[in-house]
Amino acid sequence: MCQPIGTPTLTILSNTIESNTGTGISLRADVFGGVFTGHQIRGNRFRSTASGISLFRSTAGIITNIDLVGNSFSNIATGDGIRVVGPEARNIRISSNTFVGGPRGIWSTNAAGLVIANNTFTGGWYGVVVAGGGTNVNVRANIFVQLATNGISFAGTNTVGALIESNGMAGAGAPSIRLDGTYRAVVRWNGVRSNTAAGIAVSGGRSNEIRSNLIRRVVSGIAIQQVGGVTPFGTLVQGNNVGTNTVGINLASGSVETRVVGNYLAKNSGTAILVGAGSNHVVRYNVMYSNGVGIGVGTPSSSLIERNVAATNGVGMRLTVNGGTLVIRYNNVMGNMTNLSKTIASTQRMTNNWWGSTRVSQMRFAVSFPVLSNQFTPYRLGGPFDVTPGADVTNLPA
């Protein structure tokens, strides 16, 4: 059906659609000049149909200003609860719907100004899938429970300006939020818990921000790692509260220019911040308490670790890096069972860090190679902590 310009708006209200082999409701604009605008689809029930609602634009026409509100979808068989296909799909609002089971709750591509808010997704495979393209997609205040894979997946490339905020997510079998190829996406104020994979994963894209999220009881709280040849470049990870996971924040292979700033990490059984690989990272102003390891350093290149606090962990800082262009300075690493663990036979410059003392015997080092060959002195962040002559120069007292 194509609606000519000027046709009155439609309201499709309170229908029950059950056991169809096709789509329950389909609005299709594919004639030049055809416009669907101002329609409302409210309070309908879709049960055991092949798919629920489809908004479709193929070669021409416009779909704009549509409200899909208060509908329920249960056991969709093979398709999507709601499917939005652009281009020229604009300002679609999907709110207060419930999705139970099925392959995908909501699937969209090339939509502009799409708002997905206050929906509930229970069971099924995927919650929200943005398959590629699109601008200013907003996914907010939704609930995702016990999904087999992702709650929110930006699976394609060239999606610009997405905002993912204030969602509650629990029990996913894959990362609750996954960004594959987004540009300038902001992920903030979300709560994620009890996944069997990562909480939030960035596996591609550029200039994305992961800010002020609460993540508990997952395998890896926030994971930045190249997948499928798309480099995650310039990701900001800031102000997140990440605790009781296996790994807190993981910078893995292929990640470039990640900034990890001002996060709080506590009671992660493995490593709070794992700078495992990639290049040109900056890790600063983070606080790590009561983790297995505060900061773990693998094989990154040209990275900076500075002005962090790691205290009361099993190991404050663990290095398996082979020297090179890594800079570690101005960190406060003290009160851990072991402040520093290092087993690589290389010289690593680590001056102007505070290890809880100016005396080697009190610094809680577990270093398999001579301490002084690793250039730790001076042992201070600013002014001298110990005014004993020679206490913070090369020939330290034992």
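All figures in this text were calculated on a predicted structure; none of them were measured in a lab. Note that residues are indexed from 1 along each chain, following the sequence as it is written. Totals for whole chains, interfaces and linings use all residues, but because this is a predicted model, local features are given only for residues with pLDDT of at least 70 and pairs of side-chain atoms are given and counted only at 80 or more. Heavy atoms from the whole structure form the basis of all side-chain values; hydrogens and water molecules are not counted.

A. Just the overall build of the chain, in detail. Of regular secondary structure, the chain possesses zero helices and 45 strands. Across the 398 residues that make up the chain, the buried fraction comes to 53%. Only the protein chains shown count as cover for residues, with accessible areas throughout obtained via the Shrake-Rupley method and a probe of 1.4 Å. For the chain, the computed accessible surface area is about 15,300 Å², with 52% contributed by carbon and sulfur atoms. Segments assigned H or I by DSSP are reported as helices when at least four residues long, segments assigned E as strands when at least two residues long, and all are numbered from the N terminus. Exposure categories follow from relative accessible area, calculated using a 1.4 Å probe and restricted to protein chains: below 20% of the type maximum is buried, above 50% is exposed, and the middle band is partly exposed.

B. The arrangement of the nonpolar core in detail. Counting 73 residues, the largest nonpolar core has Ile 53, Leu 55, Ile 82, Ile 94, Phe 154, Ile 222 and Met 317 as the members making the most contacts within it. At five residues, the largest contribution of residues to this core is made by strand β10 (residues 80-95). Residue contacts follow a heavy-atom distance rule, with two residues in contact if any of their heavy atoms lie within 4.5 Å. Contact partners of Leu 55, with chain neighbours within four places excluded, come to Leu 27, Ile 63, Ile 66, Leu 68, Arg 83, Val 84, Val 85 and Ile 92. Throughout, nonpolar core names a set of buried Ala, Val, Leu, Ile, Met, Phe, Trp, Tyr and Cys residues whose side chains join them through atoms within 4.5 Å.

C. Representation of unusual backbone geometry in the model. Between Gly 86 and the following residue, Pro 87, the backbone shows a cis peptide bond with an omega angle of 5°. Inspection of the secondary structure puts Pro 87 in strand β10. A positive phi angle is found at Asn 75, which is not glycine, with a value near 55°. Here Asn 75 shows up in the loop between β9 (72-74) and β10. In this model, Gln 146 sits at a positive phi of 55°, which is unusual for a non-glycine residue. Among the secondary structure elements, Gln 146 is positioned in the loop between β17 (143-145) and β18 (152-160). We classify Gln 146 as exposed; its relative accessible area is 52%.

D. Quick peek at the environment of Arg 47. In this structure, Arg 47 sits in strand β6 (residues 45-47). Distance from Arg 47 to Gly 81, taken between C-alpha atoms, is 9.9 Å for residues 34 residues apart in sequence. Sequence-distant contacts of Arg 47, defined by excluding residues within four places in its chain, comprise Thr 16, Ile 17, Glu 18, Ser 19 and Ser 74. Side-chain atoms alone can form a polar contact between residues adjacent in sequence; in general such a contact is a pair of N or O atoms within 3.5 Å, and within protein one must be able to donate a hydrogen while the other accepts it. Within polar-contact distance, the side chain of Arg 47 engages the side chain of Glu 18 at 3.1 Å.

E. Up close: the pattern of salt bridges. We define a salt bridge as a contact between a side-chain nitrogen of Lys or Arg and a carboxyl oxygen of Asp or Glu at a distance within 4 Å. For the structure shown, the criterion picks out nine salt bridges. One salt bridge in this structure joins Arg 93 and Asp 67, with 2.7 Å as the shortest N-O distance. In this pair, Arg 93 sits in strand β10 while Asp 67 sits in strand β8 (residues 62-69), placing the two residues 26 residues apart along the sequence. Judged by relative accessible area, Arg 93 falls into the partly exposed class, the value being 29%. Owing to a relative accessible area of 17%, Asp 67 belongs among the buried residues under this scheme. Between Arg 83 and Asp 80 there is a salt bridge, with the nearest N and O atoms lying 2.6 Å from each other. Owing to a relative accessible area of 30%, Arg 83 belongs among the partly exposed residues under this scheme. Among the residues examined, Asp 80 registers a relative accessible area of 3% and is labelled buried. What you see here is one network of salt bridges that share partners, running through Asp 80, Arg 83 and Arg 104.

F. Examining the side chain of Ser 176 more closely. Among the secondary structure elements, Ser 176 is positioned in the loop between β20 (168-170) and β21 (177-183). What makes Ser 176 buried here is its relative accessible area of 2%. Look past the residues within four positions of Ser 176 in its chain and what remains in contact with it is Asn 150, Gly 151, Ile 152, Met 169, Val 192, Asn 195, Ala 198 and Gly 199.

Geometric values such as these leave the question of function open.
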